[in-house]
Amino acid sequence: MPRPPRLEYEDALYHVTSRGNARETLFYTDDDRHRFIMQLQDNLERYGVILYAWVLMTNHFHLVLGTPRGNLSRFMQRLNSSYCLYFRYKHGAPGHVLGGRYKARLIESEEYLLTVTRYVHLNPIRTAKHQEMMSKERVDYLETYPWSSYPAYVRAKSCPDWLSDRV
């Protein structure tokens, strides 16, 4: 049975997620994360996509994106393909790197946009390891977690030019 086509149109907002194949590790090292971010920046510019929030976890990532040109599929195809080629070469990993298609949920209201942004930013402390921490420790952890847009939101002066903090 064929997959349903993706809904894409100009000026849409999406919550996009992608996981490692069989929930395997997608980012082994900080070099992997830096490479993904470089490729993300390059593709944001190339396709005119707006990034509102992001987080990289060990085996998956979340992006909150705006698509003024209605080109989410082309953007994600190039981003995922380029990272997977790097990953297979760097780690000698044959076969699939990602577990299936990326997931893209359409964001149709401001309330849902705020909910999704909060969910993305809190992802690093939703692991079992961090549930034992006191709330102050969790906030400190989030503020120093380098693989998320959260620090840029709480310290507006550190917002990179490729991230829009206008949620």
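In this report, the structure presented in the accompanying data block is examined. (Residues numbered from 1 in each chain as written. Predicted model: local features only at pLDDT ≥ 70, side-chain atom pairs only at ≥ 80, totals over all residues. Heavy atoms only, no water.)

Formed by 42 residues in total, the largest nonpolar core has its most connected members in Leu 40, Leu 51, Trp 54, Leu 63, Leu 65, Phe 75 and Met 76. The leading source of residues in this core is helix α2 (residues 72-91), at eight residues. The contacts of Leu 65, once residues within four sequence positions are left out, are Ala 12, Leu 13, Tyr 14, Val 16, Leu 44, Val 49, Ile 50, Leu 51, Tyr 52, Leu 72, Phe 75 and Met 76. (Core = buried A, V, L, I, M, F, W, Y, C linked by side-chain atoms within 4.5 Å. Buried < 20%, exposed > 50% of the residue type's maximum accessible area, 1.4 Å probe, protein only. Helix = DSSP H or I, 4+ residues; strand = E, 2+ residues; numbered from the N terminus. Contact = heavy atoms within 4.5 Å.)

In the structure shown here, the tally under the stated rule is four salt bridges. The shortest N-O distance in the salt bridge between Asp 31 and Lys 90 comes to 3.9 Å. Here Asp 31, found in helix α1 (residues 30-47), pairs with Lys 90, found in helix α2; they are 59 residues apart in sequence, far enough to count as distant. Relative accessible area serves as the criterion here: at 40%, Lys 90 is assigned to the partly exposed category. Among the ionic pairs, Arg 78 bridges to Asp 42, the shortest N-O distance being 3.1 Å. Residue Arg 78 is located in helix α2, and its partner Asp 42 is located in helix α1; the two are separated by 36 residues in the primary sequence. Overall, Arg 78 belongs to the partly exposed group, its relative accessible area being 26%. Residue classification places Asp 42 among the partly exposed residues on the basis of a relative accessible area of 36%. (Salt bridge = Lys/Arg side-chain N within 4 Å of Asp/Glu carboxyl O.)

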